[in-house]
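# Examining the three-dimensional arrangement
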Amino acid sequence: MYAKCHDIGSAIKICWKIEDKNTVAWNLVIAGHIYNSQPEEALKLFHKMPSEGAEPSSITRMTLLLACGEMGALSVGETAT
C-alpha cells in the first residue's frame, strides 16, 4: 500500500521488519521499486535475494522482467529467467 502511494521508504521499512522474510516479502519490495520507477534498485534486490536465503520464484522473475523492460535491458532479463 505504501509503495502504491509512492512512499517506497515506508514500504521498505515495514518489509525489512519482517523477521522471516520470504519470497513474497522480497517480491513486494521489488515490485514497489518498479512501480516507483526504480528498476535498478529492483534488479539489485533480485541479485541480493539468494545471499539472504530467499530463492526467486517465477513471480519474482516475471516482475523483474518489467524492470528490465523499463530499463531497456533485455539481455539482463534473458539471463534472469
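For the structure, see preceding data.
Attention in this report is confined to the structure presented alongside it. (Residues numbered from 1 in each chain as written. Predicted model: local features only at pLDDT ≥ 70, side-chain atom pairs only at ≥ 80, totals over all residues. Heavy atoms only, no water.)

## Side note on the overall build of the protein chain
Threshold: Every helix listed is a DSSP run of H or I at least four residues long, and every strand listed is a run of E at least two residues long, numbered separately from the N terminus. Think of it in three bands: with a 1.4 Å probe and only protein chains considered, a residue is buried below 20% of the maximum accessible area for its type, exposed above 50%, and partly exposed in between. Contacts: residue pairs with any heavy atoms within 4.5 Å of one another. Per-residue accessibility takes into account occlusion by the displayed protein chains alone, with areas from the Shrake-Rupley method and a 1.4 Å probe.
When helices and strands are counted, the protein chain shows five helices and zero strands. For the protein chain, the sequential pattern of α-helices and β-strands runs α-α-α-α-α. Within the protein chain, the fraction of its 81 residues that count as buried is 36%. Restricting to contacts in the protein chain with at least 6 residues of sequence separation, those with at least 24 account for 45%. Summed over all atoms, the accessible surface of the protein chain reaches about 5,100 Å², with 58% contributed by carbon and sulfur.

## Some details on the nonpolar core
Note the threshold: Nine residue types can take part in a nonpolar core, namely buried Ala, Val, Leu, Ile, Met, Phe, Trp, Tyr and Cys, and a core is a set of them joined through side-chain atoms within 4.5 Å.
Core analysis: the largest hydrophobic core is formed by 14 residues, its most contacted members being I30 and L64. For this core, the secondary-structure elements that each account for two or more residues are α2 (23-35), α3 (39-48) and α4 (58-71).

## Considerations on the packing of helix α1 (residues 8-17) against α2
Basically, it comes down to this: To define axes, lines are fitted to C-alpha atoms, for helices over the stretch in contact only, and angles between the resulting N-to-C directions are given on a 0 to 180 degree scale. Roughly parallel means an angle under 35 degrees; roughly antiparallel means over 145; roughly perpendicular covers 65 to 115; every other angle is labelled oblique. Charged means Asp, Glu, Lys or Arg here, nonpolar means Ala, Val, Leu, Ile, Met, Phe, Trp, Tyr, Cys or Pro, and polar covers whatever is left, Gly included.
Here α1 crosses α2 at 170°, and the two axes come no closer than 10 Å. Classified by the interaxial angle, the pair formed by α1 and α2 is roughly antiparallel. Contact residues: I8, I12, C15 and W16 in α1; A25, W26, L28, V29, G32 and H33 in α2. A class-by-class count of the residues in the contact of α1 with α2 yields eight nonpolar, two polar and no charged.

## Here we look at the pattern of salt bridges
Two side chains of opposite charge can pair, provided their charged atoms sit close to one another. For clarity, the cut-off: Salt bridges are defined by distance alone: a side-chain nitrogen of Lys or Arg within 4 Å of a carboxyl oxygen of Asp or Glu.
According to the stated counting rule, one finds one salt bridge in the structure shown. Between E41 and K44 there is a salt bridge; the shortest N-O distance is 3.3 Å. Residue E41 and its partner K44 are located together in helix α3, separated by three residues, close to a single helical turn. Given a relative accessible area of 53%, K44 falls into the exposed group.

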